[in-house]
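Coordinate inspection notes
The residues making up each chain are set out below.
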Amino acid sequence: MEGAILILKELEKRGFKAYIVGGAVRDKLMGKIPQDVDILTTAPPGVVEEIGKRSQWKVKGVGRAFGVSLLILDGKPYEVAAARKESYGLDSHRPEKVEYTSNIKQDLSRRDFTINSMAMDTKGRILDPFNGRDDLEKGIIRAVGDPQERFREDALRSFRAVRFAAQLGFDIEDRTLAAIKTCRDRIAGLSVERVRDELIKILISTHVSKGLGTLVDTGLAGCICRCTENGVNREVGILPEILHLVDLPQSPRYHTLDGFRHTLAVVQNTPPDITLRTAALLHDIAKGLPGIRTRNKRGELSDPGHHRLGAEMAEDIMKRLKFPQHIARRVVWLVYNHMSLPEPRKKTVIRWLRKRAPQFKSQDEFSEAIRQLLILFRADIGGGMRDPDYSRLEESEVIMLDIIKTIPFYQEELHIKGERVAERLGAGPQVGRFLNSLLERIQSGQLSNTEKDLEDALDRKFYRSKIL
Ligand code: ATP
Ligand code: MG
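A brief structural summary. This one's a predicted model, so the numbers in the text were calculated from it and none came from an experiment. (Residues numbered from 1 in each chain as written. Chains lettered and ligands numbered in written order. Predicted model: local features only at pLDDT ≥ 70, side-chain atom pairs only at ≥ 80, totals over all residues. Heavy atoms only, no water.)

A separate point is the sheet that holds strand 5 (residues 76-82). Judged by pairing direction, the sheet is mixed, and its 7 strands sit side by side in the order 3-4-5-2-1-8-9 without closing on themselves. Of all the strands in the sheet, the pair left with one neighbour each is strand 3 (58-60) and strand 9 (126-127). In this sheet, strand 5 lies alongside strand 4 (residues 68-73) in antiparallel orientation, the contact comprising 6 bridges. If you follow L71 over to strand 5, its bridge partner there is Y78. Most of the contacts of helix 1 (residues 2-13) go to strand 1 (residues 18-21), to which it runs at about 155°, and overall it touches strand 1, strand 2 (37-41), strand 4, strand 5 and strand 8 (119-120). Of the strands in this sheet, strand 2, strand 3, strand 4 and strand 5 are in contact with helix 3 (residues 45-54), which crosses strand 4 at around 15°. (Pairing = 2+ DSSP bridges. Helix = DSSP H or I, 4+ residues; strand = E, 2+ residues; numbered from the N terminus. Contact = heavy atoms within 4.5 Å. Axes fitted to C-alpha atoms, helices over the stretch in contact; angles between N-to-C directions.)

Below, the discussion takes up empty space enclosed by the protein. All told, the structure shown has 2 cavities of 30 Å³ or more when counted by the stated rule. By volume, the largest cavity amounts to about 70 Å³. Sorting the residues of the lining of the largest cavity by element identifies helix 9 (192-203), helix 12 (274-282) and helix 13 (306-320) as the ones contributing at least two each. It is helix 12 that provides the largest number of residues to the lining of the largest cavity, a total of 3 residues. Classifying every residue of the lining of the largest cavity by side-chain character gives 10 nonpolar, 1 polar and no charged. Split by domain, the residues of the lining of the largest cavity number at least three in each of domain 2 (139-238) and domain 3 (245-406). (1 Å grid on protein atoms, 1.4 Å probe; cavity = no way out; pocket = protein on both sides within 12 Å on 5 of 7 lines; lining within 4 Å. Points joined across faces, edges and corners; volume = space filled by probe spheres on them. Nonpolar A, V, L, I, M, F, W, Y, C, P; charged D, E, K, R; others polar. Domains from an automatic or database assignment.)

Taken together, 14 residues lie around ligand 1, and R26, D154, R157, R160 and R163 are the ones closest in. One of the side-chain N or O atoms of D154 is found 2.8 Å from a nitrogen atom in ligand 1. R163 is positioned with one of its side-chain polar atoms (N or O) 2.7 Å from an oxygen atom of ligand 1. Surface burial for ligand 1 is 77%, taken as the share of its 580 Å² of free accessible area covered by protein chains. More than half of the atoms belonging to ligand 1 lie within 2 Å of the grid points that define the largest pocket. Of all elements in the fold, only helix 2 (23-29) and helix 7 (156-168) reach the threshold of two or more residues within the shell around ligand 1. Looking at the shell around ligand 1, its residues break down into 1 nonpolar, 3 polar and 10 charged. (Near = heavy atom within 4 Å. Polar contact = N/O pair within 3.5 Å; in protein donor to acceptor, adjacent residues only side chain to side chain. Areas by Shrake-Rupley, 256 points an atom, 1.4 Å probe, with all protein chains shown as cover. Sits in = over half its atoms within 2 Å of the grid points.)

Encoded structure:
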């Protein structure tokens, strides 16, 4: 905040109005340390930059066209925006016309929610024309002005409303909530990248199940948005696949919750990490679908193979929503394996690990994936299982973590180098083959991963090759 106060003071010295605004004021009033501090001023960007240069601050004119300058003080960036008034047209997100104004209240009135429309001056006095402070105390997300108008102007605000509800645990005020529903047609004009960014923020929120529940209740999950590739627009579904989980019955022998409530509980049970939360959201996505839903011999509901189809669906969903590829790949793996907890026996666990190791490039990746899967197993059991029994998981977990620490699954973990093997056996494919045979022998307990044992094995191999 100190950097921001310095900037405000410099701007005031030159006769401009200047305030800290938006999220930083909201966070400060909630007793949190603001992440990034935005500044609102009546000074035009040119003047802000000149003041910045004269004060020997680092200046970046990144958003000059939008009236925004970036000042960097003590390594911290401050976005300084000229007060503006916006008018909207056909586009679902971008304003049609932006004009500078010297009226601070006018700028605050174009902001999305009352809790985001407060400004604070150098003395800590709050400008709050829309009673954001009241709503902050009551825990309410309320649109500034007429909610219908505000969501029609910019449809991204609908997702932002859900996101703030999920981050802060707040409720969306009734009229605001109703407007999100009636303005759903405008979502079609939003770019998939913007929607994805909000979805990810919702997924890693503290109150994620509230956010996801609201996405479904408002119908936002079932909306389409727009993907533009090579100048061609395509419609892209947001998350229609999760809708069929709502009220989906599950076998009461194992479950106390329907498909969606179970999914929400599993997501909420995982730490706020994008990979884990997405895997949790999608882990049972194929349950109940034709070709999957059936009854077992006892006549109970069952979904054999839902992990396989679920993994395929997860891949499609994350591809079209343009999730980062490395995250998508891991999520697909987690969904595919979420039913595969091995029996807590050393041999079984080694076989289980050996089968999966080749699916990863390195030991680091592999052990990270295993740890994530263990978290998902636990979250799944805690998601409304009738008699949650963690004991088998815990036993397998201890064995699994011990094995991946002590037994090698990758050549890089062997206490003998490829070069050393090549020295004795000659360079060529036999080196890799020999190293793999070492791995197998260590995994089956015939050899230990010590320099001496491996050197001896190499010796034996060397002499055998001489005799043959
Ligand atoms: P965060 O902590 O997530 O950064 P924030 O409130 O700072 O939350 P930003 O997206 O950084 O959110 O936006 C900064 C401020 O700009 C908001 O507080 C709000 O006043 C305004 N704002 C941002 N996006 C919109 C929008 N789509 N419509 C209206 N006002 C917006
Ligand atoms: Mg911000």
